[in-house]
Amino acid sequence: MKSGIPIEARRFKQIREERGYTQQSFAELLNIGSSTVDIERGKTKISGWIVAALLDRYNLNPLWLYGKSHIKELTVSSVDVSPKVICLDTNDNDSILLVNQRAAAGYPQNIHDVSWYDTLPAFNIPLPEYRNATYRGFQVEGDSMLPNIRPREWVLGKAVANFSEASDGKIYIVVLKDSVLVKKLQKNQLNPALATLISLNKEYAPYPIKVEDIQELWMVNSKLTFGIDEPSDSSLLEELRASMEELKSKINKLEVSYKGPELSQ
């Protein structure tokens, strides 16, 4: 490992050398200036445009480029659902971007716009559950995931590289071409090109989609919730007391009925 040079710069150089390009010819191919020397030395960060160009030309997995996946190339048969833009802090560590309800409305249309992501708040969670992966937070809109996820709560999702890695029955943040949904995912075994999104709230019908319409996929592993209510003695406990008193009354009536009238001597 070369000290001081980020992994994406080293892997960028690896891709260039594997395909036999010079620094000048590779820069010309990708339309990124006269040379790739500053990128390979870690002096210039790899832009979202370069990541998109490598993905389009070589099916290069963006998560592999940043050391987050062992899958180097996305096969033609798979569907790329990896993050289109990755946010790094000043120490080149992944930051968790937060996408509120309003921002989520424009997320699908701005998914490749690096500058748009700069408008979103970002933070880090120093816990082992959030290491060695890319995470993103989305604010939930609506009640389709009740009772597990309430409206306006935040769900944190781990990036999925391609659709083949997704698991049935798990809850995902699904970024389609025109919307962002939080649903349970069900693959179609008879037709792999289709999938079904399922709400936990039984009042909502299953939502069929085409796999090719998925832009990004994030597996939900946690949530942020606020305004936790304390148990109310005047509601739940009072209902329990009333039920107990009613049950005692019925038991007493059964005992009297069972004994019957006393016999005279």
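Residues numbered from 1 in each chain as written. Predicted model: local features only at pLDDT ≥ 70, side-chain atom pairs only at ≥ 80, totals over all residues. Heavy atoms only, no water.

Broken down by element type, the chain carries 8 helices and 9 strands. Scored against the burial criterion, the 265 residues of the chain give a buried share of 40%. Counted over contacts in the chain with a minimum sequence separation of 6, partners at least 24 positions apart contribute 59%. (Helix = DSSP H or I, 4+ residues; strand = E, 2+ residues; numbered from the N terminus. Buried < 20%, exposed > 50% of the residue type's maximum accessible area, 1.4 Å probe, protein only. Contact = heavy atoms within 4.5 Å.)

Next up on the list: the environment of Asn221. As for its position among the elements, Asn221 is in strand E9 (residues 216-224). Taking relative accessible area as the criterion, Asn221 reaches 36% and is therefore assigned partly exposed. A sequence separation of 91 residues divides Asn221 from Tyr130, and the C-alpha atoms of the two residues are 9.7 Å apart. Excluding anything up to four places from it in sequence, Asn221 contacts Glu129, Tyr130, Tyr135 and Leu156.

With that settled, the discussion passes to the sheet that holds strand E4 (residues 154-159). Pairing in this open sheet of 9 strands is mixed, and the strands run E2-E1-E3-E4-E9-E5-E6-E7-E8 from one edge to the other. Only two strands of the sheet have a single partner each, and these edge strands are strand E2 (122-123) and strand E8 (207-210). The sheet contact formed by strand E7 (residues 194-198) and E8 spans 4 bridges and is antiparallel. For Ala195, the partnering residue across the bridge sits in E8 and is Ile209. (Pairing = 2+ DSSP bridges.)

Another aspect to go through is the pattern of salt bridges. Under the criterion given, the structure shown has 9 salt bridges. With its nearest N and O atoms 4.0 Å apart, the salt bridge here joins Glu17 to Lys13. Of the two residues, Glu17 and Lys13 both sit in helix H1 (residues 7-18), 4 residues apart, roughly one turn of that helix. Across the pair Asp213 and Lys177 runs a salt bridge, and its minimum N-O distance is 3.4 Å. (Salt bridge = Lys/Arg side-chain N within 4 Å of Asp/Glu carboxyl O.)

With that settled, the discussion passes to the packing of aromatic side chains. A full pass over the atoms with the stated rule returns 8 aromatic pairs. Between Tyr107 and Tyr117, the aromatic rings sit 6.1 Å apart at their centres with planes inclined by 80°, giving edge-to-face as the arrangement. Here the residue Tyr107 occupies a position in the loop between helix H6 (101-106) and helix H7 (114-117), and Tyr117 occupies one in helix H7, the gap between them amounting to 10 residues. Grouping residues by exposure puts Tyr107 and Tyr117 together as buried. Where Phe138 meets Trp218, the ring centres are 6.5 Å apart and the plane angle is 55°; that geometry is what we call tilted. (Phe/Tyr/Trp six-rings, centres within 6.5 Å; stacked < 30°, edge-to-face > 60°.)

This part is about unusual backbone geometry. For the bond running from Leu146 to Pro147, omega is 5°, close enough to zero to count as cis. Checked against the element boundaries, Pro147 lands in the loop between strand E3 (135-139) and E4. One non-glycine residue with positive phi stands out, namely Arg152, at about 75°. With respect to the helices and strands, Arg152 occurs in the loop between E3 and E4.

So, to be careful, I would describe these as geometric facts and stop short of saying anything about function.
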